[in-house]
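# Architecture and fold: a report
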Amino acid sequence: MYENGRILRISGGLCWVLPDGDEETLPCVARGNVKRREEGVAVGDYVRISREGDAGVVEEVLPRRTYLIRPNVSNVDQAIVVVAATQPDPNPYFLDRFLVLVEHSRLDAVICINKVDLVEPESLRWLLELYSRIGYTTISTSARTGKGIQTLSAVLAGKTSVFAGPSGVGKSALLNMVQPGHDLAEGELSERIGRGRHTTREVRLIPLGAGGLVADTPGFSSLDITGIALRDLAHAFPEFARLSLECRFAGCLHDREPDCAVKDGVETSMVDTGRYSHYLRFLEELREAERRQYK
Ligand SMILES: Nc1nc2c(ncn2[C@@H]2O[C@H](COP(=O)(O)OP(=O)(O)OP(=O)(O)O)[C@@H](O)[C@H]2O)c(=O)[nH]1
Ligand SMILES: [Zn+2]
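Residues numbered from 1 in each chain as written. Chains lettered and ligands numbered in written order. Predicted model: local features only at pLDDT ≥ 70, side-chain atom pairs only at ≥ 80, totals over all residues. Heavy atoms only, no water.

Taken together, 15 residues lie near ligand 1, and Asp-117, Ala-143, Ser-167, Lys-171 and Ser-172 sit nearest. Taking Ser-167, its side chain carries an N or O atom lying 2.5 Å from an oxygen atom of ligand 1. In the model, an oxygen atom of ligand 1 is placed 2.7 Å from a nitrogen or oxygen of the Ser-172 side chain. Protein coverage of the free-state accessible area of ligand 1, which is 660 Å², stands at 67%. The greatest single-element share of the shell around ligand 1, amounting to three residues, is contributed by helix α5 (residues 171-178). When its residues are assigned to classes, the shell around ligand 1 shows five nonpolar, six polar and four charged. (Near = heavy atom within 4 Å. Polar contact = N/O pair within 3.5 Å; in protein donor to acceptor, adjacent residues only side chain to side chain. Areas by Shrake-Rupley, 256 points an atom, 1.4 Å probe, with all protein chains shown as cover. Helix = DSSP H or I, 4+ residues; strand = E, 2+ residues; numbered from the N terminus. Nonpolar A, V, L, I, M, F, W, Y, C, P; charged D, E, K, R; others polar.)

Now for the sheet that holds strand β2 (residues 14-19). The strands making up a sheet are joined through hydrogen bonds of the backbone, oriented either antiparallel or parallel. The strand order around the closed barrel formed by five strands is β1-β2-β3-β5-β4, and the pairing between neighbours is mixed. Within this sheet the neighbouring strands show an average axis-to-axis angle of 55°, counted without direction. With six bridges connecting them, strand β4 (residues 46-52) and strand β5 (residues 55-61) associate as antiparallel partners. Counterpart to Val-47 in the pairing with β5 is Val-61. (Pairing = 2+ DSSP bridges. Axes fitted to C-alpha atoms, helices over the stretch in contact; angles between N-to-C directions.)

Core analysis: the largest hydrophobic core is formed by 58 residues, its most contacted members being Tyr-131, Val-162, Phe-220 and Tyr-279. Among the elements that make up this core, the one with the highest residue count is helix α2 (residues 92-104) (seven residues). Residues within four places of Val-162 in sequence aside, it is in contact with Leu-68, Val-73, Val-76, Gln-78, Ala-79, Ile-80, Leu-107, Ala-215, Gly-219 and Phe-220. Val-82, Val-110, Ile-139 and Leu-156 belong to the second largest nonpolar core, which has 19 residues in total. (Core = buried A, V, L, I, M, F, W, Y, C linked by side-chain atoms within 4.5 Å. Buried < 20%, exposed > 50% of the residue type's maximum accessible area, 1.4 Å probe, protein only. Contact = heavy atoms within 4.5 Å.)

On to the pairing of strand β8 (residues 78-84). Burial of β8 is extensive: seven of the seven residues sit out of reach of the surface. Alignment of β8 against strand β9 (residues 108-114), held across seven bridges, turns out to be parallel. Paired with Ala-79 across the bridge in β9 is Ala-109. In the classification by handedness, the crossover that spans β8, the intervening α2 and the parallel β9 is right-handed. The pairing of β8 with strand β11 (residues 160-164) spans four bridges and is classified as parallel. (Right-handed = clockwise from strand over helix to strand, strands pointing away.)

Per the counting criterion, the structure on display carries nine aromatic pairs. Consider the rings of Tyr-93 and Phe-282, whose centres lie 5.4 Å apart with planes at 35°: the pair is tilted. Of this pair, Tyr-93 sits in helix α2 while Phe-282 sits in helix α10 (residues 273-294); the two residues are 189 residues apart in sequence, bridging distant segments of the chain. Owing to a relative accessible area of 0%, Phe-282 belongs among the buried residues under this scheme. Residues Tyr-131 and Tyr-136 carry aromatic rings whose centres are separated by 6.4 Å and whose planes lie at 50° to one another, so their mutual orientation is tilted. Of the two residues, Tyr-131 and Tyr-136, neither departs from the other in class, the shared state being buried. Three or more aromatic residues joined by ring pairs make a cluster, and in this case those are Tyr-93, Phe-94, Phe-237, Phe-240, Tyr-276, Tyr-279 and Phe-282. One residue, Arg-9, lies across the ring of Trp-16, its end atom 4.5 Å from the ring centre. (Phe/Tyr/Trp six-rings, centres within 6.5 Å; stacked < 30°, edge-to-face > 60°. Lys NZ or Arg CZ within 6 Å of the ring centre and 35° of its normal.)

The next subject is the pattern of salt bridges. All chains considered together, the criterion is met by 17 salt bridges. Taking the shortest distance from any N to any O, the salt bridge between Arg-65 and Asp-77 comes out at 3.1 Å. With a gap of twelve residues between them, Arg-65 in the loop between β5 and β6 (67-68) and Asp-77 in the loop between β7 (73-74) and β8 connect regions that are remote in the sequence. Under the relative-accessibility criterion, Arg-65 is labelled exposed at 54%. One salt bridge in this structure joins Glu-288 and Arg-292, with 3.8 Å as the shortest N-O distance. In this pair, Glu-288 and Arg-292 both sit in helix α10, four residues apart, roughly one turn of the helix. Put simply, Glu-284, Glu-288, Arg-291 and Arg-292 are held in one network by salt bridges that share partners. (Salt bridge = Lys/Arg side-chain N within 4 Å of Asp/Glu carboxyl O.)

What follows is the structure, given as structure tokens:
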């Protein structure tokens, strides 16, 4: 009889599967046909297993809904894109770049402004308003004071999430707040198998007390957008995608085309000028990459 489960970790040639309804992972080997899969086996995969004593066999990998590379993790529902209120100051260009990658991977994006203990709440209003108007869930947190951590836990509950965002914004600190002690277990394990604590290792999904799973390694670290097709870029801007139905041309790139509803939206302040200028910069970057490729 097969059981369903989820791969939380792959190491030492074993898949550590959390069977549905269980608390402990079960070490499993992959059946030959599973090993030979072109798509491979990844952390986050939903699998069917058969149990053999204290171990098991991965018999089948179920179709993936989403798939991220670096770190390789499948079936992620949402990315928590973290920016700092200050230290470092929020950079909307990089925030939009993360959002483009998240949208292109078909994940939901949640914007988390951390380190709110360091600023007056008023100074963040523009950022929260800009992104919530587009439709993003936004939360404000402090990993130092604990403000907003309950809200963050509620957002993570029942879903599979990755943190993303620039260096130094507090991604590790937030993970430690939502799941205290996950780091400790990691250190103990590394010691037991005789490696330093800071050796690179595979991504892991950490089960949260409040339900849900979160990757212990941030996603979208490369920020490379060149895999995105020109015509897909605007789909990664939800407010453009909505307006583009009104553009005169079906394939409108919202650049130099006449009768463009997105450009009209910039004129009437329906579309934020900063977001639009970031879009044009990304578009130019993609065109440049295409030119290099065909030269
Ligand atoms: N004041 C304040 N400091 C914070 C907060 N969250 C994190 N920090 C500090 O910011 C620094 C960076 O935090 P990290 O959690 O390492 O940031 P990170 O995003 O994981 O950084 P990388 O590992 O480089 O990607 C540390 O010194 C933290 O103590 C916060 O909410 N308030
Ligand atoms: Zn257009």
